[in-house]
Amino acid sequence: MIYLKLIWAYLKIGLFGFGGGYAMLALIEREIVGPGWITSQMFTDIVAISQMTPGPIGINSATYIGYVAPGVYSEAFSSPVFGILGSLLCTLVVVVPSFILTVYTSHFITRHKESALVKGVFAGLRPVVVGLIASAALLLMNSANFGEETAEVLKSVAICGGAFALVYFAKLHPIIVILIAGLAGFLLYMPF
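Here is what the cut-offs are and how they apply
- Residues numbered from 1 in each chain as written.
- Predicted model: local features only at pLDDT ≥ 70, side-chain atom pairs only at ≥ 80, totals over all residues.
- Heavy atoms only, no water.
- Patch = residues over 30% accessible without salt bridge, like charges linked within 9 Å, V, L, I, M, F, W, Y side chains within 5 Å.
- Areas by Shrake-Rupley, 256 points an atom, 1.4 Å probe, with all protein chains shown as cover.
- Salt bridge = Lys/Arg side-chain N within 4 Å of Asp/Glu carboxyl O.
- Helix = DSSP H or I, 4+ residues; strand = E, 2+ residues; numbered from the N terminus.
- Buried < 20%, exposed > 50% of the residue type's maximum accessible area, 1.4 Å probe, protein only.
- Core = buried A, V, L, I, M, F, W, Y, C linked by side-chain atoms within 4.5 Å.
- Contact = heavy atoms within 4.5 Å.
- 1 Å grid on protein atoms, 1.4 Å probe; cavity = no way out; pocket = protein on both sides within 12 Å on 5 of 7 lines; lining within 4 Å.
- Points joined across faces, edges and corners; volume = space filled by probe spheres on them.
- Nonpolar A, V, L, I, M, F, W, Y, C, P; charged D, E, K, R; others polar.

This part is about a nonpolar patch on the surface. Side chains of Leu92, Val95, Val96, Phe99, Ile100 and Val103 sit close together on the surface and give an oily, nonpolar patch of about 550 Å² of accessible area. Its place among the elements puts Leu92 in helix 5 (residues 80-111). For Leu92, a relative accessible area of 53% gives the class exposed.

Structural data, given as structure tokens:
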């Protein structure tokens, strides 16, 4: 049944998704796009929307996928009731394991924060998290985000570079940059 498959997928994401939303993107993509519950294009749309809405990507994707996947799995589950049930299940399953692990490990780490073992574990995890975030960046550099034709790729790279420059050099607030990028995308990609 689709709900058991969703629970299993988001249980793995909740238990093994270390380093935050960007670091767990590759795991989410493998568990969700792999079985065919959504397309790669839908996945990149989820990433974009979840970065503009409150909440972490793991929870936002769980809520969205839980709603969409039952209808994709079978026409019999296309009712909004099945989607809401899937959303609730996936959201709870992705949050609860992380919450339990955080509560337990925070107590342990607080007690043993000066331990060489704990310091060594964190020293080893830092580069792994950076690598996972870098893999998320590479995962999102695909034709769904940048287009397939040279002109589309150049437009996308220009928007990406412009957004980076506005945030990094001009120190504009990210919300303003999102609005500017949305307007630029509208102007560059709308067929007039």
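And the narrative resumes.
Residues Tyr10, Ile32, Trp37, Ile38 and Ile65 are the most contacted members of the largest nonpolar core, which totals 28 residues. Sorting the residues of this core by element identifies helix 1 (2-16), helix 2 (25-32), helix 3 (40-52), helix 4 (57-73), helix 5 and helix 6 (116-140) as the ones contributing at least two each. In terms of residues, this core owes the most to one element, helix 1, which gives six residues. Here Ile32 is in contact with Ala9, Tyr10, Trp37, Ile38 and Ile65, once residues within four sequence places are set aside.

This part covers unusual backbone geometry. Positive phi outside glycine occurs at Lys171, with the angle close to 55 degrees. Position of Lys171 relative to the elements: it lies in the loop between helix 8 (150-168) and helix 9 (174-189).

Moving on: the layout of surface pockets. Of the voids in this model, the largest pocket is the one considered here, and its volume is about 1300 Å³. Ala48, Asn145, Ile159, Cys160 and Ala181 are the residues nearest the centre of the largest pocket, which is lined by 28 residues in total. Breaking the lining of the largest pocket down by element, the ones donating at least two residues are helix 3, helix 6, helix 7 (143-146), helix 8 and helix 9. With eight residues, helix 3 is the single largest residue contributor to the lining of the largest pocket. Its residues placed into classes, the lining of the largest pocket shows 20 nonpolar, seven polar and one charged.

Turning to the environment of Trp8, a few remarks are in order. Among the structural elements, Trp8 can be located in helix 1. Residue classification places Trp8 among the exposed positions, given a relative accessible area of 51%.

Moving on, we get to the pattern of salt bridges. One side chain can pair with another of opposite charge once the charged atoms of both are near each other. All told, the structure shown has three salt bridges when counted by the stated rule. Two residues, Glu31 and Arg30, come together in a salt bridge whose shortest N-O distance is 3.5 Å. Residue classification places Glu31 among the buried residues on the basis of a relative accessible area of 11%. As a salt-bridge pair, Glu114 and Lys119 come within 3.4 Å of each other at their nearest N and O atoms. For Glu114, a relative accessible area of 62% gives the class exposed. Residue classification places Lys119 among the partly exposed positions, given a relative accessible area of 45%. A network of salt bridges, in which partner residues are shared, links Lys12, Arg30 and Glu31.

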